[in-house]
Structure formats: structure tokens, C-alpha cells
Amino acid sequence: MSAAFLGPLVKPLPEGELFCPDALRDDPALGEVVDDGLIAWAGEVGIYQGRLDKLRSYGFGRYMMLAHPAVDDPDRLLAATKCLVAEWAADDYYVDEVELGSDPMVVGSRLARLMSVVDPAAMVPRYATDMDAYHRLQPISEAFRTAMEHLARYASTAQVGRFQHQMAILFLAWCQEADWHANRRTPPVWEYLVQRHLNSYMPPMILIDALAGYELSAHEFYHPEVRRAYTTAANAAVLVNDIYSAPSESDNDYNLPKVLAQAEGLTEKEAMRRTVEIHNELMHTFVELAARLSVAGSPNLRRFLADVWAWTGGSRRWHATTGRYQRS
């Protein structure tokens, strides 16, 4: 990746400069169209009842518009947005927000049942009826079912399979977080970073080729060094979430600045600065890996890695501007 390819970096945070691109495209009108479709869908499946105005203020359709600058089709962007919001809603309802019914003691059971929608369970007819009746009453189940149906219009069987695999990993991470809540335990830094590796932005990020109308081959997608490259970028991207969400989170939430402060005796400002440093180290590693892999890889791999870089920039712009994380 050349310096020209990297493009301008974003403006510094008060706690330090993020090594991250800015969004390559910002089309507010396109983002608004996608958000219109999102709110209509959320109302149909029943998630965030009574909170749809707040959901709109977050601009998740704008998020996917920013993160996928090569995609102009609002329906493709809506498919990605539905998947993203289904994931976000499951986290809110099952893991994070008590007022939405989260309970750490039943996270594992809820997610195992939800996985039977993400990766449909083989079931004999007699009990399939019971399972289907359960899911019809669960807004999160309906959100995932319909989101994945929409995604399947544009994704190949292999690309849908990637998404299913990554959701299983994400659900495992949420079970780990539930353990922390249930046992009132703050993990050491290394364990938190393991959880963030599992609970990263991989599920939405790996849809980039499906949305853009090409497909990275399984041979390259699952190559250990290629996977190391894009998982590193996804890990860095989710730390941007930690940076921007930390000031608005409750005392019960976990984020890297909080974990660092407790584990290493840092002030809030020092912990935020250390989080920025860790993010930047990950992003520099991604750039080094992507540069080396792009030399020997296929044209689709070069495109995929460039799209990952663009995705991180769009994601950062959204976090800096969304109504979900207002910085004082």
C-alpha cells in the first residue's frame, strides 16, 4: 500500500492521533435512503419498539454508506445495514441493556437458540414446529432471519457461510462477556483483547466483496496470513468503538480504557491514550501485512484489502459523528 493509497488520516483526537483513513465517500442522501428502509424494516420485525426515532438518529444506514464507498445501490447497503443492526440489537437485548431484558445468566441459552436461525438447525418436523413457534415470537430472531434472506440476494453460498461462521464466533464472545457480568469480574487486559478479537467488526466488514459484486476466493480468504490481516483491521476498528463509546457507557460496561485503567492504575486520559496507541499498532500491522500480501495476491485480494482499509475509514467517520456516541 503506497502513501498515496493510504490517503489523508483523520484529525487527531484530544487523546492522540488515530492512524486511520478518513471516509472515502460521504453521500448523505444515499445514507438517508438506506436509513428509511432500515426504520421500516425494524418496525416490521419488532426491534426497538418505541425507540425507532432514536434508532434513526444513530444513522446505521449512513454507517454502511460510509463503510462501503464502492457500493451505490441502496438495496445492497440496506442488506448490510439489516445484518449490522440485527447484531447490534442482539447485543443490546441479550447482553448489555437490562431495560431491554438482558440477563447474563441466560445469554448462552438465548444465543444458542438464535444460532439455530443464523445457521438453521436440522430438526425433525414434530419439534421444528415448536422451534419455529418460539422464533416467531422473538424480534431478534425475525431480524436475523429477514436480514440474512436479504443478504442472500447478493452473497454467494460461500459468502453467507463466512457470515454464519463469524456470527458463531461473535456469540461465543458475548458468552464470555456474560461471564464477566455474572461473576462481577473485570478481565485482565490480555483477556479483554482476546474477547475483542472474537467480538470485533468482522461480521459486517467481511461483507465488503459480496456488496461490491465480487468474491474473494476461499483459498485466499481463509489463508492464515490473509485472515490475520483483515482480523487485525477488524480488531482495530472495534477499538475505535471503545474510544468513542467509553464516555457514554455505564459503570457496568466493559471497554479497553476502563480495563486498562483498572489493570495498570492509569488515569482516564492515560488509559484513552494507551487505547489509541494499541489501535495504531494494530493498524500499522494491517498496513504492513496488506502491502506484502498485495504484491503476491490476486487482483481480488488487492481489491479486498483496499476495501478493508476504506471500511475502517468509513467506520471511524461514523463513530465520530453518530448520535449514538455524543462526545461532550
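Keep in mind it's a predicted model, so treat the numbers as computed, not measured.

Novice: How would you sum up the nonpolar core? Please name residues and give values.
Specialist: Counting residues in each nonpolar core, the largest one holds 95 residues, and the members touching the most others are Trp-41, Ile-47, Phe-60, Tyr-63 and Phe-144. Considering every element that reaches this core, the biggest residue donor is helix α5 (residues 74-96), with 13 residues. With residues up to four places along the chain from it excluded, the contact list for Phe-144 reads Ala-86, Glu-87, Ala-90, Leu-114, Val-117, Val-118, Met-167 and Phe-171.

Novice: An account of the packing of aromatic side chains is requested, with residue identities and associated values reported.
Specialist: Applying the stated criterion to the full structure yields 20 aromatic pairs. Centre to centre, the rings of Phe-221 and Tyr-230 are 4.9 Å apart; their planes meet at 25 degrees, and the pair counts as stacked. The lysine or arginine in question, Arg-162, covers the ring of Phe-221, its NZ or CZ lying 4.0 Å from the ring centre. Above the face of the Tyr-254 ring, Lys-258 is positioned so that its terminal group lies 5.5 Å from the ring centre.

Novice: I'd like a description of the pattern of salt bridges, backed by residues and values.
Specialist: Taken as a whole and judged by the stated rule, the model has 20 salt bridges. The closest approach of N and O atoms between Arg-317 and Asp-26, which form a salt bridge, is 2.9 Å. Placement of Arg-317 in helix α17 (residues 299-321) and of Asp-26 in the loop between α1 (3-6) and α2 (28-45) is noted, with a sequence separation of 291 residues between them. In this structure, the salt-bridge partner of Arg-185 is Glu-191, at a minimum N-O distance of 3.0 Å. The class for Arg-185 is partly exposed, based on a relative accessible area of 30%. The structure contains a network of salt bridges with shared partners spanning Asp-22, Asp-26, Arg-62 and Arg-317.

What counts, and at which threshold
- Residues numbered from 1 in each chain as written.
- Predicted model: local features only at pLDDT ≥ 70, side-chain atom pairs only at ≥ 80, totals over all residues.
- Heavy atoms only, no water.
- Core = buried A, V, L, I, M, F, W, Y, C linked by side-chain atoms within 4.5 Å.
- Buried < 20%, exposed > 50% of the residue type's maximum accessible area, 1.4 Å probe, protein only.
- Helix = DSSP H or I, 4+ residues; strand = E, 2+ residues; numbered from the N terminus.
- Contact = heavy atoms within 4.5 Å.
- Phe/Tyr/Trp six-rings, centres within 6.5 Å; stacked < 30°, edge-to-face > 60°.
- Lys NZ or Arg CZ within 6 Å of the ring centre and 35° of its normal.
- Salt bridge = Lys/Arg side-chain N within 4 Å of Asp/Glu carboxyl O.

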